[in-house]
Amino acid sequence: MILLCGGIPFLWNLSGQISGRAGFGPEYEIVQSLVFLLLATLFSAVTGLPWSLYNTFVIEEKHGFNQQTLGFFFKDAIKKFIVTQCILLPVTSLLLYIIKIGGDYFFIYAWLFTLVVSLVLVTIYADYIAPLFDKFIPLPEGELKQQIETMAKSIDFPLTKVYVVEGSKRSSHSNAYFYGFFKNKRIVLFDTLLEDYSALNKEPAEGEDGENEETKSKTKNKKQGCKNEEVLAVLGHELGHWKLGHTVKNIIISQMNSFLCFFLFAVLIGRKELFAAFGFYDTQPTLIGLMIIFQFIFSPYNEVLSFCLTVLSRRFEFQADAFAKELGKAEDLYSALIKLNKDNLGFPVSDWIFSMWHYSHPPLLERLQALKDAKQE
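Since the structure is predicted, the reported quantities are computational estimates derived from the model, not experimental observations.

### Details of the pairing of strand S4 (residues 185–190)
- Of all 6 residues that make up S4, 5 are buried, and the element is covered over most of its length.
- Looking at chain direction, strand S3 (residues 176–179) and S4 are connected through 4 bridges and run antiparallel. Within the sheet, the bridge partner assigned to tyrosine 179 lies in S4 and is arginine 186.
- Between the antiparallel neighbours S3 and S4 lie 5 residues, among them glycine 180 with a positive phi of about 110 degrees.

### A short note on the pairing of strand S2 (residues 159–165)
- The element S2 is extensively covered by neighbouring structure, given that 5 of its 7 residues are classed as buried.
- Sheet analysis places strand S1 (residues 136–138) next to S2, joined by 3 bridges and oriented antiparallel. Paired with phenylalanine 136 across the two strands is valine 165, which belongs to S2.

### A few points about the UniProt feature "domain: CAAX prenyl protease 1 N-terminal" (unreviewed entry) in the protein chain
- Mapped onto this structure's residue numbering, the UniProt feature "domain: CAAX prenyl protease 1 N-terminal" (unreviewed entry) falls at residues 2–135.
- End-to-end, the C-alpha atoms of residues 2–135 are 39 Å apart, and along that stretch the chain is 78% helix and 0% strand.

### Examining the sheet that holds S1
- The strand order S1-S2-S4-S3 describes an open sheet built from 4 strands, whose pairing is mixed. Each edge of the open sheet carries a strand with a single partner, namely S1 and S3. Direction aside, neighbouring strands of the sheet carry axes that sit 30 degrees apart on average.

### Details of the pattern of salt bridges
- Summed over the entire model, instances satisfying the criterion amount to 8 salt bridges.
- The shortest N-O distance in the salt bridge between aspartate 127 and arginine 186 comes to 2.9 Å. With aspartate 127 in helix H4 (residues 106–129) and arginine 186 in strand S4, this pair connects stretches of sequence that are 59 residues apart.
- For aspartate 127, a relative accessible area of 31% gives the class partly exposed.
- Across the salt bridge formed by glutamate 141 and lysine 145, the nearest N and O atoms sit 2.9 Å from each other.
- Classification of glutamate 141 by relative accessible area gives exposed; the value is 64%.

Definitions and cut-offs
- Residues numbered from 1 in each chain as written.
- Predicted model: local features only at pLDDT ≥ 70, side-chain atom pairs only at ≥ 80, totals over all residues.
- Heavy atoms only, no water.
- Buried < 20%, exposed > 50% of the residue type's maximum accessible area, 1.4 Å probe, protein only.
- Helix = DSSP H or I, 4+ residues; strand = E, 2+ residues; numbered from the N terminus.
- Pairing = 2+ DSSP bridges.
- UniProt positions renumbered as here; feature names shortened; annotations may be inferred.
- Axes fitted to C-alpha atoms, helices over the stretch in contact; angles between N-to-C directions.
- Salt bridge = Lys/Arg side-chain N within 4 Å of Asp/Glu carboxyl O.

In structure tokens:
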């Protein structure tokens, strides 16, 4: 509907009018581009809001996953929008400026710039951005922390800190991940993954109604999360991704794809018929060119690439499971996968064609089958 009704050129012209009233004429293309980007992301946020509300307060609520109040939801959404703009607008303005002054080889400079930005964001995200939305606390001293440190040391994983994040105040879904470069690796465990730390397993204190200003605590009839041995098995899987170089391989593939896209963008950006097809007959704004080429022209290529990455991701998951098996965690990972599937209400049976195209992780039964022999041994 947006394409058929000329929504993109309309929004671009509206951006020109707004920037013009602020004293920036047509020669200030980057300013107009930033206004366009702000309006476009605002439009996207507003139009996506009903779907997000339905997903959170109808679907997730129906199945017992939602832990948010309406006030917390909107507070979170506004905060996400502001943080996104604080990153998106400066990065986009610099990218457009580099493309403008880069000459014939601007695509190389643009690619290098996006590479640096992505590495910086990966570096600072967990320490400075994620804490804006969730509370991170160090995993208390005890048996679990000692076991995690021992396992990390056994495979030369340069672990510096282990955190628990209060994911339960937003959702009861479980997760775990690691981050950091070089010798400064950190592990993050969602409290919903840990049977002993999950707030969803704790009874409300006497006199409390189980709900506060930000979150509502829902008492479950069954325990959620994994035992320490199962948590270690899940971490063994995650650390397998590091040991086997999956993270580095994904970064390399991503950057190769990014370079190819910028190169093809440099080839296509001069084609006026591309702009005319989207309603831009007299002007060829760089930001619009990026949108047309990356979002629409590359769409078939992106679908094929996405499928290839899905196939690769599934292969990586089997390899990480096999790594955990080599650590002697096959039986615990087997039971952990079943528990997590139950906690997340995953359906164990999948259509093979649908899952092949859409599932970045192998279906549960396939993973259990791969672990079965080792478990029996």
